[in-house]
Amino acid sequence: MTADLRQTRARAPFAPATWCCLALAAWCCVALATSPAASAAAPVLDSEERALCQQVNALRAQRGLAPLRASVTLTRAAHWLSADMARNDYLDHTDSRGRSFSKRLTAFGYKGTTRAENIAGGSGSAAATLSDWQSSALHRRNLLSPSLKVIGIGRAYNATSMLGWHWTATFGGKPDRTLPC
């Protein structure tokens, strides 16, 4: 071994076993940072989805009810169902995988036990969708339930589907991570 190599080894700040540990730690940090859970950005409500959230809250305020907060988890579930209904051309609370709305919310990570869901199709506007829901006793009950605290909203469009626009509003009684409404 040459003198230069011996000097380099003598000056190395870490033993080989330490380098292995550091490499493993760095790999774990990269793996965590790129995992779907760590990198999943919060969903974004489009202008009509935000309008629906605001209109629902205005309706609730008229009745003396607290506003609903937009839930990240419930919005992901609502976006997924609206896209699924548009893609597969149906309108139903049971999705294309055979899940009820409650099982779907659980699959998306929602932990609350108080749950509800409204769906609609045909109009791209928040005002028309809310009007349809207000005309239905069951849908109106969900909109005005004091036990519901959070909402998830999604809409999707498919020009080749029978209804074109598909809307989903999912509701829960347990607040979780929220986003602007």
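Within every chain, residues take consecutive numbers counted from 1 along the sequence as written. Predicted model: local features are reported for residues with pLDDT of at least 70 only, side-chain atom pairs are reported and counted for 80 or more only, and whole-chain, interface and lining totals are derived from all residues. Based on all heavy atoms of the structure, the side-chain values leave hydrogens and waters out of the count.

A.B. asks: Explain the overall build of the chain to me, please; I cannot follow it from the model alone.
C.D. replies: For the chain, the helix and strand inventory stands at eight helices and five strands. Helices and strands appear in the chain in the N-to-C order α-α-α-α-β-α-α-β-α-α-β-β-β. Partly exposed residues are those whose accessible area sits between 20% and 50% of the maximum for their type, while under 20% is buried and over 50% is exposed, using a 1.4 Å probe and protein chains only. Per-residue burial over the chain gives 38% buried out of 181 residues. Contacts are assigned to residue pairs that have any heavy atoms within 4.5 Å of one another. Here the contacts in the chain between residues at least 6 apart in sequence split such that 73% fall between residues at least 24 apart. As displayed, the chain offers around 10000 Å² of accessible surface, 60% of which is attributable to carbon and sulfur atoms. Per the convention used, a helix needs a DSSP run of H or I reaching at least four residues, while a strand needs a run of E reaching at least two, with both numbered from the N terminus. Note that accessible areas follow from Shrake-Rupley with a 1.4 Å probe, and for residues the cover is restricted to the protein chains shown.

A.B. asks: Before we go on, may I ask you to explain the sheet that holds strand S1 (residues 69-71) in this structure?
C.D. replies: Hydrogen bonds along the backbone pair up the strands of a sheet, which may run parallel or antiparallel. Spatially, the five strands line up as an open sheet ordered S2-S4-S3-S1-S5, and their pairing is mixed. Single-partner strands in this sheet number two, and they are strand S2 (115-121) and strand S5 (178-179). Strands are labelled as partners when DSSP assigns at least two bridges between them. Where S1 meets strand S3 (residues 150-157), two bridges bridge the pair, whose relative direction is parallel. By the bridge assignment for S3, arginine 69 is matched with valine 150. The sheet contacts of helix H4 (residues 47-62) involve S3 and strand S4 (165-172), and relative to S3 the element is tilted by about 145 degrees. Lying on the sheet, helix H7 (residues 126-134) is in contact with S2 and S4; it crosses S4 at an angle near 60 degrees. Here the axes come from fitting lines to C-alpha atoms, over the contacting stretch only for helices, and the angles between their N-to-C directions go from 0 to 180 degrees.

Remember that the coordinates give geometry; whether it matters functionally is a separate question.
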